[in-house]
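Next come the chains, spelled out residue by residue.
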2 protein chains.
Amino acid sequence: MAQKPSIPKGTRDFNAAEVAKRSYIMETIKEQFQIFGFQPIETPSFENSETLMGKYGDEGDRLIFKILNSGEYLKKISDEDYNAKSEVKITPKISEKALRYDLTVPFARYVVQHQNDIEFPFKRYQIQPVWRADRPQKGRFREFFQCDADVVGSKSLFQEVEFVQLYDAVFSALKLEGVTIKINNRKILSGIADVIGAQDKLIDFTVALDKLDKIGEEKVKEEMRSKGISEDGITKLQPLFTLKGDFGNQIESLKSILSASEIGLKGIEELEFINTAISNLKLKTAILQLDVTLARGLNYYTGAIFEVSAPEGVKMGSIGGGGRYDDLTGIFGLKEMSGVGISFGLDRIYLVLEELNLFPDTITESTKVLFINFGDNEAMYSLGAVTKLRAEGIKAELFPDAAISGKQKKKQMNYANRRNIPYVVLVGDQELNSEVFTLKNMESGEQKTVDLATLTSFLK
Amino acid sequence: MAQKPSIPKGTRDFNAAEVAKRSYIMETIKEQFQIFGFQPIETPSFENSETLMGKYGDEGDRLIFKILNSGEYLKKISDEDYNAKSEVKITPKISEKALRYDLTVPFARYVVQHQNDIEFPFKRYQIQPVWRADRPQKGRFREFFQCDADVVGSKSLFQEVEFVQLYDAVFSALKLEGVTIKINNRKILSGIADVIGAQDKLIDFTVALDKLDKIGEEKVKEEMRSKGISEDGITKLQPLFTLKGDFGNQIESLKSILSASEIGLKGIEELEFINTAISNLKLKTAILQLDVTLARGLNYYTGAIFEVSAPEGVKMGSIGGGGRYDDLTGIFGLKEMSGVGISFGLDRIYLVLEELNLFPDTITESTKVLFINFGDNEAMYSLGAVTKLRAEGIKAELFPDAAISGKQKKKQMNYANRRNIPYVVLVGDQELNSEVFTLKNMESGEQKTVDLATLTSFLK
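As named in an unreviewed UniProt entry, chain A is Histidine--tRNA ligase, taken from Winogradskyella endarachnes. A UniProt comment under Catalytic activity (unreviewed entry) is attached to chain A, and it reads "tRNA(His) + L-histidine + ATP = L-histidyl-tRNA(His) + AMP + diphosphate + H(+)". UniProt annotates chain A under Subunit (unreviewed entry) with the comment "Homodimer."

A. The arrangement of the overall build of chain A in detail. On a plain count of helices and strands, chain A comes out with 18 helices and 16 strands. Put simply, of all contacts in chain A between residues at least 6 apart along the chain, 68% involve residues at least 24 apart. Surface exposure of chain A reaches about 19,900 Å², of which carbon and sulfur atoms provide 47%. Side chains of chain A carry 60 positive and 66 negative charges; the gap between the two charge centres is 4 Å.

B. Spotlight on the pairing of strand 9 (residues 304–309) of chain B. Residues and elements named next belong to chain B. Strand 9 sits mainly inside the fold: 6 of its 6 residues count as buried. On strand 9, burial covers both faces: Ala-304, Phe-306 and Val-308 on one face and Ile-305, Glu-307 and Ser-309 on the other are all buried. Looking at chain direction, strand 7 (residues 180–185) and strand 9 are connected through 6 bridges and run antiparallel. From the neighbouring strand, Ile-183 faces strand 9, where its bridge partner is Phe-306.

C. Structural detail: the UniProt feature "binding site: L-histidine" (unreviewed entry) in chain A. All names here are of chain A. Sites flagged by UniProt as "binding site: L-histidine" (unreviewed entry) map to Asp-102, Leu-103, Thr-104, Arg-132, Gln-146, Asp-150, Arg-296, Tyr-300 and Tyr-301. Within the secondary structure layout, Arg-132 lies in the loop between strand 5 (122–131) and strand 6 (143–152). Leaving out residues up to four positions away in the same chain, Arg-132 has contacts with Leu-63, Phe-65, Tyr-101, Asp-102, Phe-141, Arg-142, Phe-144 and Gln-146. Note on placement: Asp-150 falls in strand 6. Setting aside residues up to four positions removed in sequence, Asp-150 forms contacts with Phe-38, Phe-107, Phe-122, Lys-123, Arg-124, Phe-163, Tyr-325, Val-340 and Gly-341.

D. Up close: the domain arrangement of chain A. According to the domain assignment, chain A contains domain 1 (10–179 + 310–361), domain 2 (190–287) and domain 3 (369–459). Each of domain 1 of chain A and domain 3 of chain A has a C-alpha centre, and the two are 46 Å apart.

E. Highlighting helix 6 (residues 104–113) of chain A. Residues and elements named next belong to chain A. The buried fraction of helix 6 amounts to 8 of the 10 residues, a majority that puts the element mostly inside the structure. Listing the buried residues of helix 6 in full gives Val-105, Pro-106, Phe-107, Ala-108, Arg-109, Tyr-110, Val-111 and Val-112. Looking at the packing, one finds that the buried side of helix 6 touches strand 2 (46–48), helix 2 (49–52), strand 5, strand 6 and strand 10 (318–325).

F. Inspection of the interface of chain A and chain B at higher detail. Contacts between the two partners involve 108 residues from chain A, matched on the other side by 108 residues from chain B. Note on chain A versus chain B: buried area summed over both sides is about 9,100 Å², and carbon and sulfur give 58% of it. Together, Lys-85, Phe-158 and Arg-390 of chain A form the three largest contributors to the area buried by chain A at its contact with chain B, with a combined 8%. At the junction of chain A with chain B, the criterion picks out 10 salt bridges. Among the salt bridges present, the one from Lys-85 of chain B reaches Asp-79 of chain A, with a minimum N-O distance of 3.4 Å. No other element matches the 8 residues that helix 15 (residues 376–391) of chain A contributes to the side of chain A that touches chain B. Considered class by class, the residues forming the side of chain A that touches chain B number 47 nonpolar, 32 polar and 29 charged.

G. Spatial organisation of the relation of the copies chain A and chain B. Of the two same-sequence chains, chain A is brought onto chain B (RMSD 0.1 Å, axial shift 0.0 Å) by a rotation of 180°. Taken together, the rotation angle and the small translation identify this as a two-fold axis. In terms of C-alpha distance to the rotation axis, chain A has Ile-67 of chain A as its closest residue, with the C-alpha 2.2 Å off the axis. Here 100% of the interface residues in chain A have copies in chain B that are interface residues too; the copies meet face to matching face.

H. A look at the sheet that holds strand 13 (residues 396–398) of chain A. All names here are of chain A. Pairing within the open sheet is mixed, and its 5 strands lie in the order 13-12-14-15-16. Either end of the sheet is taken by a strand with one partner, and the two such strands are strand 13 and strand 16 (447–450). The average angle at which neighbouring strand axes cross in this sheet is 25°, direction not considered. Those strands touched by helix 15 are strand 12 (369–371), strand 13 and strand 15 (437–441), and its axis lies near 165° from that of strand 13.

I. The arrangement of the pattern of salt bridges in detail. Taken as a whole and judged by the stated rule, the model has 59 salt bridges over all chains. The closest approach of N and O atoms between Arg-22 of chain A and Asp-347 of chain A, which form a salt bridge, is 3.3 Å. Of this pair, Arg-22 of chain A sits in helix 1 (residues 16–35) while Asp-347 of chain A sits in helix 14 (residues 346–355); the two residues are 325 residues apart in sequence, bridging distant segments of the chain. Just as Arg-22 of chain A is buried, Asp-347 of chain A falls in that class too. Between Arg-140 of chain A and Asp-134 of chain A there is a salt bridge, and its shortest N-O distance comes to 3.6 Å. You can call Arg-140 of chain A partly exposed: its relative accessible area is 33%. A single salt-bridge network, built from bridges that share partners, covers Lys-123 and Glu-162 of chain A together with Arg-390, Glu-397 and Arg-419 of chain B.

J. Examining the packing of aromatic side chains more closely. Counted according to the given criterion, the structure contains 39 aromatic pairs over all chains. Aromatic side chains Phe-33 of chain A and Tyr-125 of chain A sit 5.2 Å apart centroid to centroid with 45° between the ring planes, which places their arrangement in the tilted category. Pair noted here: Phe-33 of chain A is in helix 1 and Tyr-125 of chain A is in strand 5, with a separation of 92 residues, a long-range link. When sorted by exposure, Phe-33 of chain A lands in the same class as Tyr-125 of chain A, which is buried. Judged by centre distance (6.1 Å) and plane angle (35°), the ring pair of Phe-107 of chain B and Phe-122 of chain B falls under tilted. Of the two residues, Phe-107 of chain B sits in helix 6 (residues 104–113) while Phe-122 of chain B sits in strand 5 (residues 122–131), which places them 15 residues apart along the sequence. Comparing Phe-107 of chain B with Phe-122 of chain B shows no difference in burial state: the two are buried. Among the aromatic residues, those joined into a ring-pair cluster are Phe-33, Phe-38, Tyr-125, Phe-163, Tyr-167, Phe-171 and Phe-344 of chain A. Taking the ring centre of Phe-38 of chain A as reference, the NZ or CZ of Lys-123 of chain A above it sits at 5.0 Å.

K. Geometry of the packing of helix 7 (residues 158–173) of chain A against helix 13 (residues 262–281) of chain A. Residues and elements named next belong to chain A. Running from N to C, helix 7 and helix 13 cross one another at 45°; their axes reach a closest spacing of 9 Å. With respect to helix 13, the element helix 7 is oriented oblique. Crossing of helix 7 over helix 13 shows right-handed handedness. Taken together, the residues of helix 13 that come into contact with helix 7 (itself represented by Phe-158, Glu-160, Val-161, Val-164 and Gln-165) are Phe-273, Ile-274, Ala-277, Ile-278 and Leu-281. Residues that form the contact of helix 7 with helix 13 fall into these classes: 8 nonpolar, 1 polar and 1 charged.

L. Spatial organisation of the environment of Thr-104 of chain B. Residues and elements named next belong to chain B. Summarising the element assignment, Thr-104 is placed in helix 6. Each C-alpha atom, one on Thr-104 and one on Lys-4, is 38 Å from the other, the two residues being 100 residues apart in sequence. Residues within four places of Thr-104 in sequence aside, it is in contact with Asp-148 and Leu-328.

M. The arrangement of the pairing of strand 11 (residues 339–344) of chain A in detail. All names here are of chain A. Counting buried residues in strand 11 gives 5 out of 6 residues, a clear majority hidden from the surface. Pairing between strand 10 and strand 11: 6 bridges, direction antiparallel. Paired with Gly-320 across the strands is Phe-344, a residue of strand 11.

The rules behind these values
- Residues numbered from 1 in each chain as written.
- Chains lettered and ligands numbered in written order.
- Predicted model: local features only at pLDDT ≥ 70, side-chain atom pairs only at ≥ 80, totals over all residues.
- Heavy atoms only, no water.
- UniProt positions renumbered as here; feature names shortened; annotations may be inferred.
- Helix = DSSP H or I, 4+ residues; strand = E, 2+ residues; numbered from the N terminus.
- Contact = heavy atoms within 4.5 Å.
- Areas by Shrake-Rupley, 256 points an atom, 1.4 Å probe, with all protein chains shown as cover.
- Lys, Arg positive; Asp, Glu negative; His and termini not counted.
- Charge placed at Lys NZ, Arg CZ, Asp CG, Glu CD.
- Buried < 20%, exposed > 50% of the residue type's maximum accessible area, 1.4 Å probe, protein only.
- Pairing = 2+ DSSP bridges.
- Domains from an automatic or database assignment.
- Buried area = accessible area lost by both parts, 1.4 Å probe.
- Salt bridge = Lys/Arg side-chain N within 4 Å of Asp/Glu carboxyl O.
- Nonpolar A, V, L, I, M, F, W, Y, C, P; charged D, E, K, R; others polar.
- Least-squares fit on C-alpha atoms with pLDDT ≥ 70 in both.
- Axes fitted to C-alpha atoms, helices over the stretch in contact; angles between N-to-C directions.
- Phe/Tyr/Trp six-rings, centres within 6.5 Å; stacked < 30°, edge-to-face > 60°.
- Lys NZ or Arg CZ within 6 Å of the ring centre and 35° of its normal.
- Parallel < 35°, antiparallel > 145°, perpendicular 65-115°, else oblique.
- Left-handed = near helix turned anticlockwise from the far one by under 90°.

Below is the structure:
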């Protein structure tokens, strides 16, 4: 009954090198999260269905992985419901738990459930996998890690400033220099909608405007007209088409474009605060850029909106994003809890670092030295040395099986080669009797015979 | 529609201190795994159902969490099957994926699937959560981490020796001194069964014998008789009741007890090899002990069997276990792949370290210094200093909201206290104008005014 083994589509196995590279990214992010004062939490992989359902829209509900109840789960269904043979009726009866779809809703649930044990403002980070029954495609998986940092319980704009700094700190630590942190504000988008005179046309407007560089002003306007945006609105917002210059200049232009919108002006004020602070504090390697077309998460963001793009020349969607939401925990009954948070796109950051060859060589270094095994006596002697090397923190191994023939010795040498182990130690009768070790550099082929102390200090 | 938030039974939220302590254990284990030459892999949280089902017995199949298919999943069921309303018929039709039940079967699947990319012997470690629909109870959860290290592709007993060393290295690194590594061998158990004359009475025999210390020899024999073990068998194995002394002495007794069993003598030979090696190499803090009643995983272990108990005086089940299995990958079509592996019980190790107060204080240390916020200008000046401290790797925070009133200032001080932040920095007009900072030790109450360089070097 041998089965050809495989894994579900949209999921992945990770080998040692991949685990090491992913850990490197996650550890770097984690270190900066901690330096910025964020505290880790972890939540269960599955939540009660009612915690998740209805929080991500109909599409989200559909993409949530549901867990089948255990035991005689069909008994709970009335004959009437059962005979209808309808998923809508049956699913809630046979499934009471679901896999985490993101880290935000579990975080909101956590905050409400543990509110009496939490000091607010609560700065938390969370790095855990999430699951989505999405159609798998290049770069989109059914299981993937999210890396989130959020602060809840404060409306201070200093949080937004710090999140810009945090993005800069993480990407600088990853040596990924020149990322663009795009920022916008929901209130500016509301201001634009005010000027258009139609809130429901806002997305059409920003989507069209976003294509300016690609298709040119005339085509953009055509698209806007085809979506039913009034000529008057397009004229009034004409200056947005030529929004140029640095952050400060753009802010000045926006002030006149949105002068009639109170909420728009409030958005400008917020952006200006953040930009001034960042100009004073300076970023290490990232660039902060105003982007009025940035409209991600429009349904829940209420203030700042962030998105990070890879350095110029790297083709990749956003590698991070976030924003401020004013009512994270309301769905669970805790009102007035403003929050702001950002997220890092682990898989995409991985691809970018790979493309730019930015992973340090050291992170995939595994075993430093392999002791070739020529028989039980030699192996026993070798294991004594291996034990001492390990006690010094040196990654050392003994090949477990004895090489009787030359072919078997060759096999052990090949094993070291294929595993990229840089040194082997050869112990025969002579070495055993003189209590020494012959160390061979696998790259240069150079050999030398040394005692244990020399071996240890050399490998250390 | 506020819901009272909760999590599914048998699952857990972890707060910052808990995450830190769990990470400390996992990182310590991981470090030793790597020093011993093990490579990390990661597998998906869910596997195709056919990969998992039938691998853990009927009870296991029942305890596997099954994931409901997406979309119109009822359509796949014929009316005949549907009308039977039977879980046995319906489940395979509506669920094709299941959550990982342990790390061993996914590892076997991984080895077979990637056999052409793997260098054998393959030493892998894996630290990931598993899920079981078990009845939750104290210390038993529906989601928990397993920490496994295995070697496949070698029958060498040096592996067993190294696993004893690995247990010793990990528990020594955790400062958990005096754990007992109990060892037995499946072949010795087979030898005992040979002597009893009935393989199927073996478990009854070992279970009864294991109670010797608690209930005494007579009661043990009574139990054996009640289970149908022959008087002749009990008499022949009488010497097991008085198996005393160190490992070597016990081995000598076993040699005579099992002298008639070829397989039993083979088991003794293997144990003797391991004991001799460990006696030569010496353990740091653990004790290696022969335990002929150790019979865990009897269905799949074929050679050595390991179990680790907490130091004397700590009431806790085993905190680790493992053994050799001769056909890990056969179920997936790859024959002749002997393996041996061990596992660490994270949750129980956590409880033991907690009970013995062995977690280092440093691991739950979070933010080092909080800058009190007296207003935007002071905050802006403070954030400049915070930015510089962070660049030096110092965990620093600015309280995001300005304290206008004395009450608000007190709130910020309380916030620092409750979060165990050891230092706060106070910046008012004076500090701002003289470019200095007033540093307050939250424990002693002591204050001093310093410049940024002094502040940095002090906190570092």
